[in-house]
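Structural overview for review
Listed here are the chains, written in short residue letters.
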Amino acid sequence: MNMAPGTTNHLNHTLPINQSLATPASAVVATSSPSHTTNARCLDITLVKQRHEWDCGLACIEMIQKWHLNNKQQQQQHNATSLNPTTETITSSSDCASIARNIITTQSVWSIDLSDALATMGINHHFFTVSIGIDNSHRLKPFYQRDWSADEQRVSRLFDKSRAHDPPMLFFGVVPLEKLIAHVKQGLPAIVLVDSNSLVYIVNNNNDGNSSNTSSGSSNSSSSSGHKREDKDFYGHFVVLAGYDDSRQQFIVIDPSLSQEYCMISVNDFEYARSRPGTDMDILLIH
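Quick look at the structure, then. (Residues numbered from 1 in each chain as written. Predicted model: local features only at pLDDT ≥ 70, side-chain atom pairs only at ≥ 80, totals over all residues. Heavy atoms only, no water.)

1. Brief notes about the packing of helix α2 (residues 96-103) against helix α3 (residues 111-121)
Running from N to C, α2 and α3 cross one another at 120 degrees; their axes reach a closest spacing of 10 Å. By the angle class used here, α2 and α3 are oblique. For the pair α2 and α3, the crossing hand works out as right-handed. Residues Ile-99, Ala-100 and Ile-103 of α2 form the contact with α3, whose own contacting residues are Asp-116, Ala-117, Thr-120 and Met-121. When its residues are assigned to classes, the contact of α2 with α3 shows five nonpolar, one polar and one charged. (Axes fitted to C-alpha atoms, helices over the stretch in contact; angles between N-to-C directions. Helix = DSSP H or I, 4+ residues; strand = E, 2+ residues; numbered from the N terminus. Parallel < 35°, antiparallel > 145°, perpendicular 65-115°, else oblique. Left-handed = near helix turned anticlockwise from the far one by under 90°. Contact = heavy atoms within 4.5 Å. Nonpolar A, V, L, I, M, F, W, Y, C, P; charged D, E, K, R; others polar.)

Right under this line is the structure:
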């Protein structure tokens, strides 16, 4: 099934992307920005480091779940002052990791696995992709080859499950860059599938205003902005978008493979990394 980039269909449902970008009242935005930014708005999301080479997606889910939990706890505190305080029980943050890993039991994690986990946890989101189901062309990519047979049945089943979800959460199409920027500027995070070999972060040297470039934590990463190794194989990696710096035109990224709490990446470099063959332009917009 092919469709022109920029269109967004959910089977017989049609939803313009900008209708999926409303800000919930529970959105929490940190009052302080990362130390190496000047005009950035950054979500209060705590870094969770991945434990293994394969579980970056689970770490991202845990980060989002903790952020979601914090919002609901603040909502409970507000409701406790009303005549009808909520009786809903919120899971402690210490349980977030085990919940995610009980839902996702495979070590070959696809974006649809993350979407299903979010839905199971009751976290509202929209999952955009240009490949509904299995794209057989990925069978030839080394990154996908090892677990292809086992993945095929599970991924197809999860897409069928997602198609039947009401209200719809699965959409075919590309989230335009300007809509993605608008989403994070409204205080809402996103989980994005990128090519780790194409990630180039910006490093501020001693807060002196000078900056340099560094690649992601993958051993196969590129080494400098503008000199990306297009000959390298695709290596999928999930990151969390947590904010945007207007003045510098840079996204604030939380990368579970790295130790620093926040990373900065230029809009152009991020667009390149999320557009590489193999990503299917997969993105989960959290609401």
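2. Comments concerning the packing of α3 against helix α5 (residues 148-163)
For the pair α3 and α5, interaxial distance at closest approach is 9 Å and the crossing angle is 45 degrees. Taken together, the axes of α3 and α5 are oblique relative to one another. α3 and α5 meet at a crossing whose hand is left-handed. Contacts between α3 and α5 pair Ile-112, Asp-113 and Asp-116 from the former with Arg-154, Val-155, Leu-158, Phe-159, Lys-161 and Ser-162 from the latter. Tallied by class, residues from the contact of α3 with α5 come to four nonpolar, one polar and four charged.

3. Focus: the packing of aromatic side chains
If you walk through the whole model with that rule in mind, you get five aromatic pairs. Where Phe-128 meets Phe-171, the ring centres are 5.2 Å apart and the plane angle is 25 degrees; that geometry is what we call stacked. Of the two residues, Phe-128 is situated in strand β4 (residues 125-129) and Phe-171 in strand β5 (residues 170-172); the sequence distance between them amounts to 43 residues. Each of the two residues, Phe-128 as well as Phe-171, counts as buried. On the numbers, 5.0 Å between centres and 55 degrees between planes, the contact of Phe-251 with Phe-270 is tilted. Pair noted here: Phe-251 is in strand β10 (residues 250-254) and Phe-270 is in helix α7 (residues 267-274), with a separation of 19 residues, a long-range link. Here the aromatic cluster, defined as three or more aromatic residues joined through ring pairs, consists of Tyr-244, Phe-251 and Phe-270. (Phe/Tyr/Trp six-rings, centres within 6.5 Å; stacked < 30°, edge-to-face > 60°. Buried < 20%, exposed > 50% of the residue type's maximum accessible area, 1.4 Å probe, protein only.)

4. Things to note about the pairing of β4
Counting buried positions along β4 gives five out of five residues, so the element sits mostly inside the fold. Covered by surrounding structure in β4 are His-125, Phe-127 and Thr-129 together with His-126 and Phe-128, the residues of both alternating faces. Sheet topology places β4 next to β5; three bridges connect them, and they run parallel. Among the inter-strand pairings, Phe-128 is bridged to a residue of β5, identified as Phe-171. (Pairing = 2+ DSSP bridges.)

5. Topic: the nonpolar core
Residues Ile-45, Leu-114, Ile-191, Val-240 and Ile-254 are the most contacted members of the largest nonpolar core, which totals 45 residues. With residues up to four places along the chain from it excluded, the contact list for Ile-254 reads Ile-45, Leu-47, Met-63, Val-239, Val-240, Ala-242, Glu-261 and Tyr-262. With 24 residues, the next largest nonpolar core counts Phe-128, Ile-181, Tyr-201 and Ile-283 among its residues. (Core = buried A, V, L, I, M, F, W, Y, C linked by side-chain atoms within 4.5 Å.)

6. Brief notes about unusual backbone geometry
Of note, the bond from Asp-166 into Pro-167 is cis; its omega dihedral lies within 30 degrees of zero at 5 degrees. Positive phi, close to 55 degrees, is recorded for Gln-249, a residue that is not glycine. Turning to its location among the elements, Gln-249 is positioned in the loop between β9 (236-245) and β10.

7. Focus: the layout of surface pockets
Space inside the largest pocket adds up to approximately 520 Å³. Taken together, 27 residues line the largest pocket, and the ones lying closest to its centre are Gln-107, Ser-108, Val-109, Phe-143 and Gly-236. Secondary-structure elements contributing two or more residues to the lining of the largest pocket are α3, β4, α4 (142-145), α5 and β9. Residue composition of the lining of the largest pocket, by class: 13 nonpolar, eight polar and six charged. (1 Å grid on protein atoms, 1.4 Å probe; cavity = no way out; pocket = protein on both sides within 12 Å on 5 of 7 lines; lining within 4 Å. Points joined across faces, edges and corners; volume = space filled by probe spheres on them.)

8. Some remarks on α3
For α3, the tally of buried residues reaches nine of eleven residues, placing the bulk of the element in the interior. Among the residues of α3, Ser-111, Ile-112, Asp-113, Leu-114, Ser-115, Asp-116, Ala-117, Leu-118 and Met-121 are the ones counted as buried. Directly beyond the C-terminal end of α3, a positive phi value near 80 degrees is found at Gly-122.

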